[in-house]
Amino acid sequence: MKVAISAIRTKNIRINRHELVTSIQGLGHSVFYIGQESNDNIHPDYEKFNVKFLSIPLGRSNTNPFREIKSIIQTKRVLEENNIEALISYGIRTFPTMVIAARLAGVKNILCIVNGSGRLFQLKGLKGLFVKLISYPMLSLAFLLSKSILFQNPDDMRLVKRKGLLWKKNYGTINGSGVNLEEFQFHELEKKPVFSMISRLTGSKGVNEYVQAASFAKQIHPNANFNLIGPIDEDNSGINMKELKKAIDDGVISLSGKVEDVRPFLKQCRVFVLPSYYPEGVPRSILEAMAIGRPVITTNSPGCKETVVDGVNGFLVQPMDSTELAEKIVWMIENYEKVNIMGEESRKIVTEKFDVNKINQLMLQQLGLN
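Presented here is a report on the structure given in the accompanying data block.

1. Re the overall build of the chain
Each helix and strand counted, the chain has 13 helices and 13 strands in total. Taking 21 Å as the expected radius of gyration for a compact globule of 370 residues, we find that the chain reaches 21 Å, a close match to that expectation. Overall, the C-alpha framework of the chain stretches about 60 × 50 × 40 Å when taken along its three principal axes. Here the chain holds 370 residues, and the buried ones make up 55% of them. At a minimum sequence separation of 6, the contacts of the chain that also span at least 24 residues come to 71%. Per element, the accessible surface of the chain, about 16500 Å² overall, is 51% carbon and sulfur. One finds the centroid of the 47 positive side-chain charges in the chain at a distance of 7 Å from the centroid of its 37 negative side-chain charges.

Here you go:
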């Protein structure tokens, strides 16, 4: 069987679900990746894992129904030309195009993974109303046409149900995308007070709150170090760039750009921080940090709160509250032995709940591939 995995990505990005790819291939099936059209060079991972990349005209956002219809037609053609027989689709924004195109192409074996509710449900005003009037019916149709829908956190499932978009009993929950416990092995905690945030850098990921909290904590504990790792998002309007630049110039924040392998950065830190209030599924960066044995400070928001038992392997703070975040950072610096125990608890939780192999097996069962 020819199985396609769809996500909003370009071909120059490494394959971040290679465990799923190899699991499908191990069952005797071929794997294709579907992503955005681009002029980028293809990443070596595609040759390494024997995966073909298929380009379609699909962007992060689209409020033009005529462009959506065009995307459906072109995607249908790509699926037909490559004889795709099963589809795993990530990203709620892409579901209408991918699912409708797949069904028109004769693909019935369709699994939708809701890895975050996205910005659709947060839109306000007349523009928001207009977009929802178009998007809700198409999204509801996509869910109806899918064989199965798996939400990466229960909050998103309740939200979509509340909007009346689920018409069949073809949905359930799954514990995020999981983490590879072999690749991300436990590593003894860094003894120095080093904090790291790894993320696509945008306002809703909590960059401003992290910078503000780090600036406060640095005044109390000048020996603390704060790393910020990741590419600045194209839409960086939510980041206070003046404040960020000052923190870098003052030696509060050490900024690194996009990195291929986050493990060295996780091993170098003592505590992982992600103060995100973006509508996440379950943040992969937190799971990777937990697997290496790092305590976590994150927000009490959908997706993020699934990873932390407050006070056990870290802390949950209120979204957009830099004061509470700073207090927890200071606590982590001043409670050395308790932080060591929290790191061990992170590894235990991620092993029990977020093992990528267990999660992938559940997904393949939903598709009937194993």
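There is more to say after this.
2. Observations concerning the packing of helix α7 (residues 207-220) against helix α8 (residues 241-249)
At a minimum axis separation of 10 Å, α7 and α8 run at an interaxial angle of 40 degrees. Considering how the two elements wind past one another, α7 and α8 form a crossing that is left-handed. Two secondary-structure elements touch here, α7 through N208, V211, Q212 and S215 and α8 through E243, L244 and A247. Partitioned by chemical class, the residues of the contact of α7 with α8 number three nonpolar, three polar and one charged.

3. With respect to the packing of helix α1 (residues 18-26) against helix α13 (residues 356-367)
Remark: α1 packs on α13, axes separated minimally by 10 Å, with the N-to-C direction vectors making an angle of 50 degrees. The angle between α1 and α13 places the two elements in the oblique class. Seen along the crossing, α1 lies across α13 with a hand that is right-handed. Of the residues in α13, those touching α1 at E19, L20, S23 and I24 are V356, N360, M363 and L364.

4. Observations regarding the nonpolar core
Soluble, globular proteins show a tendency: their nonpolar side chains are buried together. Within the largest apolar cluster, 53 residues are counted, with the highest numbers of intra-cluster contacts made by F195, F226, I253 and I329. Ranked by size, the runner-up nonpolar core spans 37 residues in total, among them I110, C112, L139 and V160.

5. Concerning the side chain of S146
Tracing the backbone through its elements, the reader meets S146 in the loop between α5 (125-145) and β6 (148-151). Reaching out from S146, the side chain makes a polar contact with the backbone oxygen of A142 at a distance of 2.7 Å. When near neighbours in sequence (up to four residues on either side) are disregarded, S146 contacts V99, I110, C112, K168 and N170.

6. Looking at the sheet that holds strand β1 (residues 2-6)
Sheet architecture is open: seven strands sit in the order β3-β2-β1-β4-β5-β6-β7, paired in parallel fashion. Because the sheet does not close on itself, it has two edges, and the strands there are β3 (52-56) and β7 (171-173). Going from strand to strand, the sheet's axes swing by 20 degrees on average, the running direction of each strand aside. The pairing of β1 with strand β2 (residues 30-36) spans five bridges and is classified as parallel. In the strand pairing of β2, A4 is matched with F32. Each of β6 and β7 is contacted by helix α6 (residues 154-162), which is oriented at about 150 degrees to β7, the strand it contacts most.

So, how was this worked out
Residues numbered from 1 in each chain as written. Predicted model: local features only at pLDDT ≥ 70, side-chain atom pairs only at ≥ 80, totals over all residues. Heavy atoms only, no water. Helix = DSSP H or I, 4+ residues; strand = E, 2+ residues; numbered from the N terminus. Rg over C-alpha atoms; globule rule 2.2 N^0.38 Å. Buried < 20%, exposed > 50% of the residue type's maximum accessible area, 1.4 Å probe, protein only. Contact = heavy atoms within 4.5 Å. Areas by Shrake-Rupley, 256 points an atom, 1.4 Å probe, with all protein chains shown as cover. Lys, Arg positive; Asp, Glu negative; His and termini not counted. Charge placed at Lys NZ, Arg CZ, Asp CG, Glu CD. Axes fitted to C-alpha atoms, helices over the stretch in contact; angles between N-to-C directions. Left-handed = near helix turned anticlockwise from the far one by under 90°. Nonpolar A, V, L, I, M, F, W, Y, C, P; charged D, E, K, R; others polar. Parallel < 35°, antiparallel > 145°, perpendicular 65-115°, else oblique. Core = buried A, V, L, I, M, F, W, Y, C linked by side-chain atoms within 4.5 Å. Polar contact = N/O pair within 3.5 Å; in protein donor to acceptor, adjacent residues only side chain to side chain. Pairing = 2+ DSSP bridges.

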